[in-house]
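Fold and geometry: a report
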Amino acid sequence: MNIALIGYGKMGKAIEEVAVSRGHKITLKIDEGNFEDFTSDNMQKAEVAIEFTGPGSAYSNISKCLEFGIPVVSGTTGWTERLGELKEKCAKIRGSFLYASNFSVGVNIFFEINTRLASLMANHKEYDVSLVEIHHTQKKDAPSGTAITLAEHILENVPRKKKWVNQKANEATELEIISERIDPAPGTHKVKYFSPIDEIEIIHTAHSRKGFAAGAVLAAEFIAGKEGIFAMKDVLGFE
Ligand SMILES: NC(=O)c1ccc[n+]([C@@H]2O[C@H](COP(=O)([O-])OP(=O)(O)OC[C@H]3O[C@@H](n4cnc5c(N)ncnc54)[C@H](OP(=O)(O)O)[C@@H]3O)[C@@H](O)[C@H]2O)c1
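These lines cover the structure that appears in this document, whether it is placed above or below. Not measured: the values here are computed from a predicted model.

1. Let's talk about the pairing of strand 5 (residues 96–99)
Every other side chain in a regular strand lies on the same face of the sheet, so the side chains alternate between the two faces. Burial along strand 5 is two-sided: the residues S96 and L98 and F97 and Y99 are all buried. You can see the chain leave strand 4 (residues 72–74), run along helix 4 (residues 83–92) and come back into strand 5, and the turn it takes is right-handed. Where strand 5 lies against strand 11 (residues 228–230), 3 bridges are found, and the strand directions are parallel. What sits directly across from F97, in strand 11, is I229.

In structure tokens, the structure reads:
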């Protein structure tokens, strides 16, 4: 498969390594230094684009891929208030798009466990819940996109929590997300339920970026040649 990499930083390079090892060819690599090469003509050589840039550029990069008619996988975090707009655009032009705040298979299993735990906790008001996410100091956004996804799943299932906050919670209705920045740390997420009697904690720790890169390549293989809006659940075959 021919792949265009939009963003050739830490993730772009990790994705290249996995993609090449799976027999794919990188036909274009775009970063800020050669942005003028991000043209329709150059993109037509690719069957799929993988976008990992930054919060300020993801929306327009994904838009461009969709306008060029190229299926696009994106994992850039920190911009997703506009995700709905892109999904509408994709549906309108009958394109192909997959966004994931985290591509690692382990984290996607963790998402399922988090949702199930939240639904079990729905009526157990004696338990409070909080989140911690730990990443490297170069990370541009806080809280992490993964922490936001975890928080959204908790808010959907635990009615006593009304919104997430990226600080110590002041109200019982707030779901606290604490962000810590330490080097080196590819990413740790902790969800803790605690009562006066006991506590339950689930933790996912990434050991390297390889898991994210492998998941992004799996997602690219999945959406190439398809039409629609997809999620990692579809790639991994979760119900
Ligand atoms: N979903 C997941 O599983 C997952 C996992 C890890 C990271 N992420 C997210 O992925 C994103 C990238 O992470 P990273 O660690 O690879 O960051 P990084 O090392 O800073 O790389 C970012 C890359 O994007 C390029 N870039 C920046 N602005 C651009 C623009 N306007 N157009 C085109 N390219 C542009 C940069 O080019 P220059 O070098 O020329 O500036 C660089 O090549 C972040 O949002 C991060 O949170 C997601």
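Text resumes after the structure shown.
2. Quick look at the side chain of H136
Structurally, H136 can be placed in the loop between strand 6 (128–135) and helix 6 (145–157). Excluding residues that lie within four positions of it along the chain, H136 makes contacts with K10, R181, I182, D183, A185 and R209.

3. Re the pattern of salt bridges
Enumeration over the complete set of coordinates arrives at 12 salt bridges. Across the salt bridge formed by R94 and E227, the nearest N and O atoms sit 3.2 Å from each other. Here R94 is found in the loop between helix 4 and strand 5, whereas its partner E227 is found in the loop between helix 7 (210–223) and strand 11, with 133 residues between them in sequence. Overall, the relative accessible area of 58% leaves R94 in the exposed class. Judged by relative accessible area, which is 46%, E227 ranks as partly exposed.

Each value, and the rule that gives it
- Every residue gets a number counted from 1 within its own chain, in the order that chain's sequence is written.
- This being a predicted model, a pLDDT of at least 70 is required before a residue's local features are given, and a value of 80 or more before pairs of side-chain atoms are given or counted; all residues contribute to the totals for chains, interfaces and linings.
- Neither water nor hydrogens contribute to the side-chain values; these are computed over all heavy atoms in the structure.
- For every residue, the accessible area obtained with a 1.4 Å probe (protein chains only) is divided by the maximum for its type, and the residue is called buried under 20%, exposed over 50%, and partly exposed between those limits.
- Each helix is a run of DSSP H or I of at least 4 residues and each strand a run of E of at least 2, with the numbering of both proceeding from the N terminus.
- Handedness of a crossover: with both strands directed away from the viewer, a clockwise path from the first strand across the helix to the second marks it as right-handed.
- Here the rule is simple: two strands pair whenever DSSP picks up at least two bridges between them.
- Contact between two residues is taken to exist if any of their heavy atoms lie within 4.5 Å; hydrogens are not considered.
- Definition used for salt bridges: Asp or Glu carboxyl oxygen within 4 Å of a side-chain nitrogen of Lys or Arg.

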